[in-house]
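Next come the chains, spelled out residue by residue.
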Amino acid sequence: MQLALLCVTGAALFAVMRRIVFLRGCGCPAPARRLYMRASWCLGLASYAAMAVQELILLLDGRLRWSNALPLHLCSLMGLLTLPMLLTRRRMLWHWSLYLGMPGAALALLFPSILETSRPEITALAFHLLHCTVLLAPLLPLSLGMRPRPSGAVCSMLFLLVLGFIDLGVNTLTDGNYLFLEAPASGTPLAWMARRGAAVYRLLLAGAALLVLGTEALAVWLAGMRHRSNPSRSGRS
C-alpha cells in the first residue's frame, strides 16, 4: 500500500513542481505562487486529515490516551508543521522537515509500526498518507528556488535533542514511548540496539541521528558546490 500511495502522491507533486518551475521560467511568478499555495494546502490538510483519522479511531476504540495521542513522535510533529512550513517558507521549519522529517518518514514507510485498531485498513491508510506527505512536502519549496544549507543540520540536531528531552519527561509521566526512547518499534532495525540496555540504546539512537544528519549535510554541501561550479545549468532561481 505504502509504495503505491507514495508513487501516486509523488507523481502528482512532481507534476505540480514542474509546472511551477515552467511558469517561473516563463516570467509568470504570480500563477506559479498561486499553484504553490494550492499544493501547500493540499499537502498540509492531507497530513492533518491523516492524523485526525488515527486519533478518531483510537477514540472510538476507547484507546485514546496521553501516552499515544500527543504529536510527539517525530513524524506526527513534522506533520503538524508541514502546512506552516510550506505557507511561511521559514527556512528553520523547512530545514527541520528536510533533515528530520524526510528520513524519519522514509524509515517509517520502510518499517511501518502501525497501531492495532478495530479498523486496520483505515488506520494503515492514514498512517501511510501521513508519512508520504511528511516525506514529499519538503520538496515543494525547491520549485520556488529555495535551496537548503548544510548548517540546517546543526539546527535540526539541536531541535531533535530538545524534543528528545521533552519526550523523556512525557514518557515518564504518561508511561508512553514517544520517539521510541523507551523501547524499539517491533520489526525495525532499532531492535538490536535495545539489547544493550536503555542508556546505550538512547545513545545509539542519538548517534544514528547524528550520522544521518551528517550524511545529509554532506550531500547538501556537495550539491551546492556542484551548483556553484555549473552556474549555466542552474536555470532561473
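Refer to the preceding data block for the structure.
Residues numbered from 1 in each chain as written. Predicted model: local features only at pLDDT ≥ 70, side-chain atom pairs only at ≥ 80, totals over all residues. Heavy atoms only, no water.

So, the overall build of the protein chain
Helix and strand counts for the protein chain stand at eight helices and zero strands. When the helices and strands of the protein chain are read in sequence order from the N terminus, they spell out α-α-α-α-α-α-α-α. The C-alpha radius of gyration computed for the protein chain amounts to 19 Å, which stays within 12% of the reference 18 Å derived for 237 residues, consistent with globular compactness. Buried residues in the protein chain amount to 41% of all 237 residues. (Helix = DSSP H or I, 4+ residues; strand = E, 2+ residues; numbered from the N terminus. Rg over C-alpha atoms; globule rule 2.2 N^0.38 Å. Buried < 20%, exposed > 50% of the residue type's maximum accessible area, 1.4 Å probe, protein only.)

Examining unusual backbone geometry
Backbone geometry places Arg 89, a non-glycine residue, at a positive phi of 55°. With respect to the secondary-structure elements, Arg 89 resides in the loop between α4 (74-88) and α5 (91-110). Positive phi values are uncommon outside glycine, yet Leu 179 reaches one of about 60°. Of note, Leu 179 is situated in the loop between α7 (152-174) and α8 (198-229).

Considerations on the side chain of Ser 40
Note that Ser 40 resides in helix α2 (residues 29-60). If we ignore the near neighbours within four places in the chain, the residues touching Ser 40 are Leu 83, Leu 86, Leu 87 and Leu 140. (Contact = heavy atoms within 4.5 Å.)

Considerations on the pattern of salt bridges
All chains considered together, the criterion is met by two salt bridges. In this structure, Asp 61 and Arg 119 form a salt bridge, with 3.5 Å as the shortest nitrogen-oxygen distance. Within this pair, whereas Asp 61 is found in the loop between α2 and α3 (66-69), its partner Arg 119 is found in the loop between α5 and α6 (120-136), the two being separated by 58 residues in sequence. Looking at Arg 119, the relative accessible area reads 34%, which means it is partly exposed. With a shortest N-O distance of 2.9 Å, Arg 202 and Glu 182 are connected by a salt bridge. In this pair, Arg 202 is assigned in helix α8 and Glu 182 in the loop between α7 and α8, connecting sequence segments 20 residues apart. (Salt bridge = Lys/Arg side-chain N within 4 Å of Asp/Glu carboxyl O.)

Focus on α6
Spanning 17 residues, α6 covers 24 Å between terminal C-alpha atoms, matching the ideal 24 Å at 1.5 Å per step. Extensive coverage of α6 is indicated by the burial of twelve of its 17 residues. Contacts made by the buried residues of α6 are with α1 (2-25), α2, α4 and α5. (Expected span 1.5 Å × (residues − 1).)

Brief notes about the packing of α5 against α8
Two numbers describe how α5 lies on α8: the axes approach to 10 Å, and their chain directions differ by 120°. Considering their axes alone, α5 and α8 lie oblique with respect to each other. With respect to the hand of their crossing, α5 and α8 are arranged in right-handed fashion. Facing α5, whose interface residues are Leu 98, Tyr 99, Leu 100 and Pro 103, α8 presents Val 212, Leu 213, Glu 216, Ala 217 and Val 220. Grouping the constituent residues of the contact of α5 with α8 by class yields eight nonpolar, no polar and one charged. (Axes fitted to C-alpha atoms, helices over the stretch in contact; angles between N-to-C directions. Parallel < 35°, antiparallel > 145°, perpendicular 65-115°, else oblique. Left-handed = near helix turned anticlockwise from the far one by under 90°. Nonpolar A, V, L, I, M, F, W, Y, C, P; charged D, E, K, R; others polar.)

A few points about the packing of α7 against α8
One way to put it is that α7 packs onto α8 with a least axis distance of 10 Å and a crossing angle of 160°. Here α7 is positioned roughly antiparallel relative to α8, judged by the angle of their axes. Here α7 runs over α8; the crossing is right-handed. Between α7 and α8, the residues in contact are Ala 153, Ser 156, Met 157, Leu 160 and Leu 168 and Arg 202, Ala 206, Ala 209, Leu 210, Leu 213 and Ala 217, respectively.

Digging into the nonpolar core
Counting residues in each nonpolar core, the largest one holds 56 residues, and the members touching the most others are Ile 20, Leu 74, Met 78, Leu 86 and Leu 140. Secondary-structure elements contributing two or more residues to this core are α1, α2, α4, α5, α6, α7 and α8. Looking at this core element by element, the count peaks at nine residues for α5. Contacts of Ile 20, omitting those with residues within four sequence positions, involve Ala 32, Leu 35, Tyr 36, Leu 140, Ser 143 and Leu 144. (Core = buried A, V, L, I, M, F, W, Y, C linked by side-chain atoms within 4.5 Å.)

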